[in-house]
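Chain by chain, the residues:
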Amino acid sequence: MASDTRPRILLFGAGSVGTIYLWLLSKVSSTTAVCRSNYDVVKRDGFTINSSIFGKGIHFKPNIVRDCEEAASESSQPYDYIVVCSKAIPDTFPKLIAPAVTSKHTAIVLIQNGVGIEEEYSVAFPDNPIISGVVYLPVAQRPAGVINHGETEKLQLGSYPSTAPGDQASALVKLIQTAGGTAEFYTDIQPKRWTKLLVNASWNPICALTLSKDTEILESSPEATSVVLAVMLEIQAVAAAYGYTVPREEVDFQLGRAHARIPIGAGIKPSMLQDIEMSRRIEIEAIVGNAVRMGKEKGVKCTGLEMLYVLGKALDLQVGRR
Ligand SMILES: NC(=O)C1=CN([C@@H]2O[C@H](COP(=O)(O)OP(=O)(O)OC[C@H]3O[C@@H](n4cnc5c(N)ncnc54)[C@H](OP(=O)(O)O)[C@@H]3O)[C@@H](O)[C@H]2O)C=CC1
Ligand SMILES: CC(C)(CO)C(=O)C(=O)O
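As a starting point, this report considers the structure included with it. (Residues numbered from 1 in each chain as written. Chains lettered and ligands numbered in written order. Predicted model: local features only at pLDDT ≥ 70, side-chain atom pairs only at ≥ 80, totals over all residues. Heavy atoms only, no water.)

### Details of the site of ligand 1
Item 1. Neighbouring residues of ligand 1: 25 residues in total, closest Ser16, Val17, Ser37, Asn113 and Glu283.
Item 2. A distance of 2.7 Å separates an oxygen atom of ligand 1 from a polar side-chain atom of Ser37.
Item 3. Between Glu283 and ligand 1, the recorded distance is 2.6 Å, taken from a side-chain N or O atom to an oxygen atom.
Item 4. Within the complex, 88% of the 900 Å² of free accessible area of ligand 1 lies under protein.
Item 5. Considering only residue class, the shell around ligand 1 consists of twelve nonpolar, eight polar and five charged. (Near = heavy atom within 4 Å. Polar contact = N/O pair within 3.5 Å; in protein donor to acceptor, adjacent residues only side chain to side chain. Areas by Shrake-Rupley, 256 points an atom, 1.4 Å probe, with all protein chains shown as cover. Nonpolar A, V, L, I, M, F, W, Y, C, P; charged D, E, K, R; others polar.)

### Observations regarding the side chain of Glu118
Item 1. Secondary-structure assignment places Glu118 in the loop between strand E7 (107-111) and helix H5 (119-124).
Item 2. At a separation of 2.7 Å, a polar atom in the side chain of Glu118 contacts the side chain of Ser132.
Item 3. Aside from chain neighbours lying at most four places away, what touches Glu118 is Leu110, Ile130, Ser132, Tyr160, Gln190 and Arg193. (Helix = DSSP H or I, 4+ residues; strand = E, 2+ residues; numbered from the N terminus. Contact = heavy atoms within 4.5 Å.)

### With respect to the packing of aromatic side chains
Item 1. All told, the structure shown has three aromatic pairs when counted by the stated rule.
Item 2. The interplanar angle of 25 degrees and the centroid separation of 5.7 Å between the aromatic rings of Phe47 and Phe60 together place this pair among those described as stacked. Here the residue Phe47 occupies a position in strand E3 (residues 47-51), and Phe60 occupies one in strand E4 (residues 55-60), the gap between them amounting to 13 residues. As far as burial versus exposure is concerned, Phe47 and Phe60 are alike and both buried.
Item 3. The cationic tip of Lys154 hangs over the ring face of Tyr136; the distance from NZ or CZ to the ring centre is 5.2 Å. (Phe/Tyr/Trp six-rings, centres within 6.5 Å; stacked < 30°, edge-to-face > 60°. Buried < 20%, exposed > 50% of the residue type's maximum accessible area, 1.4 Å probe, protein only. Lys NZ or Arg CZ within 6 Å of the ring centre and 35° of its normal.)

### Details of unusual backbone geometry
Item 1. The omega torsion of the bond from Arg142 to Pro143 falls at -5 degrees, within 30 degrees of zero and hence cis.
Item 2. You can see Pro143 is positioned in the loop between strand E9 (139-141) and strand E10 (146-149).
Item 3. Here the residue pair Tyr160 and Pro161 is connected by a cis peptide bond, since its omega of -5 degrees sits within 30 degrees of zero.
Item 4. Along the polypeptide, Pro161 turns up in the loop between strand E11 (154-160) and helix H6 (167-178).

### Considering the pattern of salt bridges
Item 1. A full pass over the atoms with the stated rule returns 13 salt bridges.
Item 2. Residues Arg44 and Asp45 are paired through a salt bridge, measuring 2.9 Å at the closest nitrogen-oxygen approach.
Item 3. Take Arg44: its relative accessible area is 56%, and that puts it in the exposed class.
Item 4. Linking Glu277 and Lys269 is a salt bridge whose minimum nitrogen-to-oxygen distance equals 3.1 Å.
Item 5. Connected through shared salt-bridge partners, Lys87, Asp275 and Arg280 make up one network. (Salt bridge = Lys/Arg side-chain N within 4 Å of Asp/Glu carboxyl O.)

Now the structure itself:
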């Protein structure tokens, strides 16, 4: 039998976002996924994807392992990419993926929200390419093994730092496009991270702290719109202090999207609200804390953002104590 010459890809974090890209990549590469709480269900039944874009009732049974040690031991050749789709919780994942990372070879792909998330990987794996990914993909896994996906799928990829060669990132973009996904390559991905942060650093903690969908917030009081807008403008100001332009039209567009969904009753539960509902730790540092600290460093006033950080951090610690 001819050996498989396709790229070898390991997914770490086979949850909502990761499973969509696992399915796409499994059409064009050799894939393996690290599963944790959904391991038994997926081993027995595989995954089912119900997507507004790709179709309902898509069933697939990937090769899965329990951890990166097992992934490394069952593979005779190095992984070309390890795609990290866990929640971005600092000081946690580099050591967990290390057994499957081959120095100077494996590209580490972070498909996660937040800013300032790449540095710890760059420190842990100084000789490996780091690819930073921004994803627009409203998706939730419920129950285990069943992935429900809404109306958007867009992945933006670029190397970290932006001065590093972009070969692996653009090759991955092509793979995902070939598989039918919407991937884009950027020579500097950081402005895209900050643009996405407009939505995440505002809506995610506000919705998680109030157990409300975004549209429910907007409808809750006449003051709500200007409070959310003020937080988005603080993010825009921090990004500008680091030389990243987030256009004002983008701010208005993002706020307008939530307003437009009010009449059709289509509120969104951001992933941070889903985490609170499931009693899981939240990405408060990656999504809010890092932006607050970066703002402070440049003297940017971030009153709203700082308030969300303090409240969100306390909530996260409370979840951790339970
Ligand atoms: N969901 C969404 O709509 C969107 C999410 N994002 C971002 O994408 C990233 C991924 O989010 P999402 O897919 O929602 O997250 P999920 O919580 O759905 O998935 C994360 C996965 O990582 C697994 N995991 C965590 N720790 C370990 C570990 N130690 N070993 C093995 N597996 C582990 C989890 O397993 P277990 O189930 O056992 O905890 C889970 O399967 C986040 O940064 C999020 O902010 C971006 C856009 C939209
Ligand atoms: C707002 C949303 C759904 C956008 O894809 C997101 O990024 C999240 O839930 O964290």
